[in-house]
Amino acid sequence: MLEQVIEYGAFCAGGAVVGAALTAAVGAAIRAARRDSALKDAENIKKEARREAEHIIRDAKVSAKSDTLKMREDCESEIKERRKEQAGIEKRLAQREEMLDHRSNTLDEKIAGVERQEAQLAEQKTRLAVREEEIAKTISKQIDELERISGCTREEAKALILDKIRDEIRNESGLVVREVLDEARAKSEKEAKRILAYAIQRYASDCTYERTTATIPLPSDEMKGRIIGREGRNIRAIEAATGVSILIDDTPEAVVISCFDPVRKEIARQLMTKLIGDGRIHPTRIEEMVAKITKELEEELQHAGEDAVLETGLTGVSPQIVKMLGRLKYRFSFSQNVLKHSLETAYFMGIIAAELGLDVKKAKRIGLFHDLGKAMDHEIEGPHAQIGADFLRKHNEAKDVIHAVASHHGELEPESLYDILVMTCDTLSASRPGARSETTELYLKRLEQLETIAKDFKGVESCYALQAGREVRVVVMPEKVSEGEAQMLAKDICDRIEKEMTYPGQIKVTIIRETRSVEYAK
């Protein structure tokens, strides 16, 4: 058994050796076949590479030939262009040379002409010099003859001529100065009107009318007897306590209080109103009520003065001046409340002072204080301007403020623009439309009359009174009134205004004739 195993093992080993030999032989055969195939492929690749190289070389030669031909054509074309340009340049140069030759000839001719002119001028100068000598001799002879005929020397004649020229120049300069002054006056009037109109436009206030008396309504005529009292003791107590006059007449259910002191009149008015409402009227109560009303009214006047000072923005005003300003609340002058009038004047002065470049605070101060004397003129004799100035002087106001207050009615000569400004603004506040009850009525009537007169003429479409009745603008129908007729219409309206109306200053009549053409694009 062992032997069989050994034989089998030897057999297997011999098989393995044979297999390995066969495998080696087959591998060698395969490698030889692959080497032959690779050699064939390499040979084919070489042949293909040679063919491609030949094609590339052939294409390169063809391309090089074509590029060479193109470059040659481009060079020939460029050479032709340059030759053409050179020919043009040579032609232009030739033309320029001809032109320069022509100019040179012309310049030579001009130089020759100038030389001839210079020679002629030199000859003319020589003749002129000779002529001047002759004229000088002739003038000298004429002067000698004039001296002989006139009997005066040359210096005397020169002095006479200078005097005459001086007189003529003085006359002409006077005319020029007058013309300049007229122009300056016209401009100043125009500017003044603008400033005044601006000031009036900026400020407007209500008007309070003057009451020299106060009428107190009564519930019945029986109250008159109670006011009079037994044997007149009540009415005497009222008059003694208030300093007013009580007028009781046949007027039904009314009594009248009369007094020049506005504060006392107001105290009496409030007293009578409260007594009538309460019904208890006897001397003791009258004295108590007068004391109470007087205290309340003094506080009210103090507040009114403080409000006026605050409203105008002033500072450093003495308490006594403030109190006196408050007393103006019940003072009236020509249908104007004096405190309202003082505030108006202060505002006008502030506005105009700003336009003129003046001190606005000082202008307002003068305007507010200018009628301060009217609060005392029923107690102190003299013009209220001087009374107010003296009162301000006692309370250490500035000198220019005091002088402006003292001179605002012309009692003193103006010394500054503030003096003239306070006069202007005082008049402006007193005379503006609506400041007085009578002025308001006349103002409205004047406007109505102006418009009525203008409307009476034919061809007038509408008219408007402007600038407080100082101008009327009349709009006419252009188809009925020609340009020439418009001028005549303005003259006719002016003539009729002058005949039928009474008015201050002058009234400007403006005729407006307008033609409008209107179409609509659809």
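Residues numbered from 1 in each chain as written. Predicted model: local features only at pLDDT ≥ 70, side-chain atom pairs only at ≥ 80, totals over all residues. Heavy atoms only, no water.

### Structural notes on the overall build of the protein chain
No. 1: A count of helices and strands for the protein chain gives 14 helices and eight strands.
No. 2: Taking all 522 residues of the protein chain together, the buried fraction comes to 30%.
No. 3: For the protein chain, long-range pairs separated by at least 24 residues make up 60% of all intrachain contacts whose partners lie at least 6 apart in sequence. (Helix = DSSP H or I, 4+ residues; strand = E, 2+ residues; numbered from the N terminus. Buried < 20%, exposed > 50% of the residue type's maximum accessible area, 1.4 Å probe, protein only. Contact = heavy atoms within 4.5 Å.)

### Some thoughts on the pattern of salt bridges
No. 1: A complete count under the given rule lists 15 salt bridges for this structure.
No. 2: In this structure, arginine 127 and glutamate 123 form a salt bridge, with 3.1 Å as the shortest nitrogen-oxygen distance. Here arginine 127 pairs with glutamate 123, and both are found in helix H1 (residues 2–150), just four residues apart, close to one helical turn.
No. 3: According to the relative accessible area criterion, arginine 127 is partly exposed, its value standing at 47%.
No. 4: Taking the shortest distance from any N to any O, the salt bridge between arginine 365 and glutamate 397 comes out at 3.0 Å. Here the residue arginine 365 occupies a position in helix H9 (residues 360–369), and glutamate 397 occupies one in the loop between helix H10 (384–394) and helix H11 (399–406), the gap between them amounting to 32 residues. For the pair arginine 365 and glutamate 397, a shared accessibility class is recorded, and that class is buried.
No. 5: Because the salt bridges share partners, they merge into one network encompassing Asp456, Arg496 and Glu500. (Salt bridge = Lys/Arg side-chain N within 4 Å of Asp/Glu carboxyl O.)

### Side note on H9
No. 1: Counted residue by residue, H9 has seven buried out of ten residues, so it is predominantly covered.
No. 2: For H9, the full list of buried residues reads Ala363, Lys364, Arg365, Ile366, Gly367, Leu368 and Phe369.
No. 3: For H9, the N-terminal capping position is held by aspartate 359, with its side-chain oxygen 3.2 Å away from the main-chain nitrogen of lysine 361. (Polar contact = N/O pair within 3.5 Å; in protein donor to acceptor, adjacent residues only side chain to side chain.)

Treat this as a map of the structure, not an account of what it does.
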